[in-house]
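Given next are the chains, with one letter for each unit.
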Amino acid sequence: MTNKKTTEIPVLWIQGAGCNGCSVSILNSESPTIKNILVDELIPGKHINLRFHPTIMGGQGEQVVSTIFETVKKHKNGYVLVVEGSVQSGANGSFCTMGAMSGKHYPFIEVLNEAGKNAMAVIALGSCATYGGLPSWSPNPTEAKGVREYFNEKGIHTPVVNVPGCPPHPDWFTGTIAHILIAGLPDSRHLDDAGRPLAFFGKLIHENCPKRPYFDAGQFASQPGEEGCLYELGCKGPITYADCPTRMWNSGLNWCIGAGAPCAGCVEPDFPHLTTPVYKKVTMERLESFKIKTK
Amino acid sequence: MAKIVIDPITRIEGHLGIEAIVENGVVKEAKSSGTLWRGFEVFLKGKDPRDATLFTQRICGVCPIAHATASVLNLDSAFGISAKIPDNARIIRNLIFGSNYLQSHILHFYHLAALDYVDVTAIADYDGDDPILKSVKDFAGRGELGPFVPRYEGDYRFDKKTNQILVGHYIQALSARKLAHEALAIWGGKMPHQCTMVSGGVTITPTADRIASYLWRINQLRDFIESVYIPDVIAVASKYPDYFEIGKGCGNFLSYGVFDLDGKNPDYASRQRLLPSGVLPKGKEVTALDTSKITESVTHSWFENTGDLHPANGKTIPAPGKSGAYSWMKSPRYAGEAFEVGPLARFMVAYSRSVPEVKKIVDDTLSAVGIGADKLVSVLGRHAARALEAKLVADNLAKWVLELKVGEPVFVKYNMPVEANGMGITDAPRGSLGHWVTIKNGVIENYQAVVPTTWNASPRDSNGKPGPIEQAIEGTKIKDENNPYEIVRIVRSFDPCLACAIHVIDAKGNIKGKAIIG
């Protein structure tokens, strides 16, 4: 369907200190598929014009670095910036460079400053970009942090929507994009204190866990492969807000707890700092500090 | 003399830059450099050893399973249970790993490499009825061609119709690689970053519905590999035959072997695997893998000179700005020589060891295409080996899943030692991967990983010998310095995984100073 009035929404997707897992997860999107996202009008009349993405774009080198700066200039306050990977502010940003143009090598943070300041909004995608994630694990050798924290330090005021997860579920990303296209930027009514859309991160995994009856009955698995609640094996479901139990992963086929593995709490701002050791039981005190959200 | 700087090299995993000095149209000198460092070994120190499996897989979101596999093998060996893993768990680990092989190889050919050979813009003239291709035509008609353009121009050789068909396959391959992840999730819980592989076995139990559901996804992938993927690689080969002649590299091949067929031999180096371990130096006979011959050199890396050391005793003291250094990657060497790793290396080793399944599939393909075995060591040879390996793995996955025994155990109990050493070796889709761990006081004292792309994309070593990718680029004729297709096609044929390659640094003290540049 060709729609002559198609509005192109420019999107730049940049990668800091991450593993590409967020990108790979979004490739797994079921409805819409990644083809729908890249090629079709995601919402009638609106097309995501992904102008920069290191893993899939055709070009390389100078020609693609210049695409970023052209977009920033031409579409000031009119493009969405997706950030994958954490922001390493240590050593003046020299832990991650992301390209060279006219003999200059650009540290990731320099591109983030420029593209972040002038964006309509930033989607911090994945637990690294939202809260620092794995690279920020103690002793955090590269001073890795999330985009919001970095923007606060730098005085950059562009709105940031946090879509955490290691990796994030593709629906959490496409759902957030759809929200922007249909209803505008999510604001404090739609986000929790950690900047996450309540639509996906509004309930504790424990609230909807199919193994919850085991927990209530005190029937716990004592080793992998055994029937029972995984609490004793370190499950972080009671301290993790996400809709994994109902949404499930990879086209709704499975999920961590469904596969007998304790939830690792990968969407939490505390991941991995307070969610590890993975296979160690959550203390009662911590358990009781996580409440059902009422917003 | 001209200097070509390509940074970033896109359509790979991670951050890579390449610099090439060109004289009279030929690359005189090539340098490959990674541009991201995260410090995995630094933050794993002092942590619960069992957590290494979940977190080392986060080194790479494209091939996390390779790290998870090397890591569980590493922990199994440290915990003294490498010969006690139940067969169900060994098989399920293979099913998880194998599914990601398929995902990774399909993704690599279609979504990382193919845009160097297939002209997406040909879709603008599509006049057929296929609804998918029509929608892509509409996309092209709107005039905003990101992310497919800009790109290098001037060497797209397929006719319009073939380009259109291949664009259709690019999209079909998006579904195929997704399907491979779905198959994986049946046993791995989710993907990327599965959650079921644990030291001692796996957390998931085999059930009849999981077996059937997995089998039929793999069967769909076998169809795709046989009827689409392999023919497309042959189509590219027929239009770009000059790429059988370039990008040869060092000609030495190394494999740790992959897919355990036997769980009872505690020595991974000699364990029976679908694709065997072995060392094949150029022009010599294949020999058994001896992991004690692995060393890492840091002469041209930004680390203090510590001599060539075995990774288990590796030292990594950053020295940014060190004179003569140009990379954050070390230079792994086997018996002092650079070795190529990856699908081509595995096939060269397996072929030399006369593994029947590999010999047959390679001989059949070579005779169908009408080329000699010597052409395999090339850009196209790497793509061909990858595609044939996808078929070999897929066919075996369909077999292995039926060997699972419903109701039998998936986990063996163990006591975690307070002090221990471990080693886990396997082959990732991109090549040989080794993890080493030292446990002290019940926590990780030292965790080392020597990863595929460090082998392939390493800088010059202590003897001044370039790494395999550097060797593959040097001597290459560049037709158009503004569109140096040759370089990116050579680099991508190795399927580099840079996030992987740059993590292996054990920082002591603060890192300050120069920008990390290519």
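Residues numbered from 1 in each chain as written. Chains lettered and ligands numbered in written order. Predicted model: local features only at pLDDT ≥ 70, side-chain atom pairs only at ≥ 80, totals over all residues. Heavy atoms only, no water.

Explanation requested: the overall build of chain A in the structure shown.
Secondary structure summary: chain A contains 12 helices and 10 strands in total. What you see for chain A is a C-alpha radius of gyration of 20 Å, in line with the 19 Å of a compact globule of 295 residues. Principal-axis analysis of the C-alpha atoms places the extent of chain A at approximately 65 × 50 × 35 Å. The proportion of buried residues among the 295 residues of chain A is 65%. Counting contacts in chain A only where the partners sit at least 6 residues apart, residues at least 24 apart contribute 75% of the total. When the accessible surface of chain A is split by element, carbon and sulfur atoms take 54% of a total near 10600 Å². Here chain A carries 26 positive and 26 negative side-chain charges, and the mean point of each set is 5 Å from the other. (Helix = DSSP H or I, 4+ residues; strand = E, 2+ residues; numbered from the N terminus. Rg over C-alpha atoms; globule rule 2.2 N^0.38 Å. Buried < 20%, exposed > 50% of the residue type's maximum accessible area, 1.4 Å probe, protein only. Contact = heavy atoms within 4.5 Å. Areas by Shrake-Rupley, 256 points an atom, 1.4 Å probe, with all protein chains shown as cover. Lys, Arg positive; Asp, Glu negative; His and termini not counted. Charge placed at Lys NZ, Arg CZ, Asp CG, Glu CD.)

Can you help me understand helix H6 (residues 147-154) of chain A in this one?
Because an α-helix completes one turn every 3.6 residues, residues spaced three or four positions apart along the sequence face the same direction. Burial in H6 of chain A covers these residues: Val147, Tyr150 and Phe151 of chain A. End-on view of H6 of chain A: buried residues confined to an arc of 100°, all on one side of the axis. (Arc of directions from axis to C-beta.)

What is the right way to look at the pairing of strand E4 (residues 80-84) of chain A in this model?
Within a regular strand, the side chains alternate between the two sheet faces. All names here are of chain A. Among the five residues in E4, five count as buried, and that is most of the element. Every second residue of E4 is oriented toward a common face, with Val80, Val82 and Glu84 on one face and Leu81 and Val83 on the other, all of them buried. By the bridge criterion, five bridges tie strand E1 (residues 7-15) to E4 in an arrangement that is parallel. Within E4, the position partnered with Gln15 by the bridge is Glu84. Both E4 and strand E8 (residues 121-125) contribute to a ladder of five bridges, which runs parallel. Paired with Val82 across the two strands is Ile123, which belongs to E8. (Pairing = 2+ DSSP bridges.)

Can you help me understand the layout of surface pockets in this one?
Over the atoms rolls a probe the size of a water molecule, and in doing so it shows where empty space is left. Roughly 360 Å³ of internal volume is contained in the largest pocket. Lining the largest pocket are 22 residues; nearest its centre among them are Glu62 of chain A together with Lys3, Ile4, Val5 and Ile6 of chain B. Looking at the lining of the largest pocket, the elements with two or more residues in it are helix H3 (62-74), strand E6 (97-101) and strand E7 (104-107) of chain A together with strand E1 (2-6) of chain B. Looking at which element gives the most residues to the lining of the largest pocket, the answer is E1 of chain B, with five residues. Per-class residue counts for the lining of the largest pocket are eight nonpolar, eight polar and six charged. (1 Å grid on protein atoms, 1.4 Å probe; cavity = no way out; pocket = protein on both sides within 12 Å on 5 of 7 lines; lining within 4 Å. Points joined across faces, edges and corners; volume = space filled by probe spheres on them. Nonpolar A, V, L, I, M, F, W, Y, C, P; charged D, E, K, R; others polar.)

Function cannot be read off these values alone, since they describe shape.
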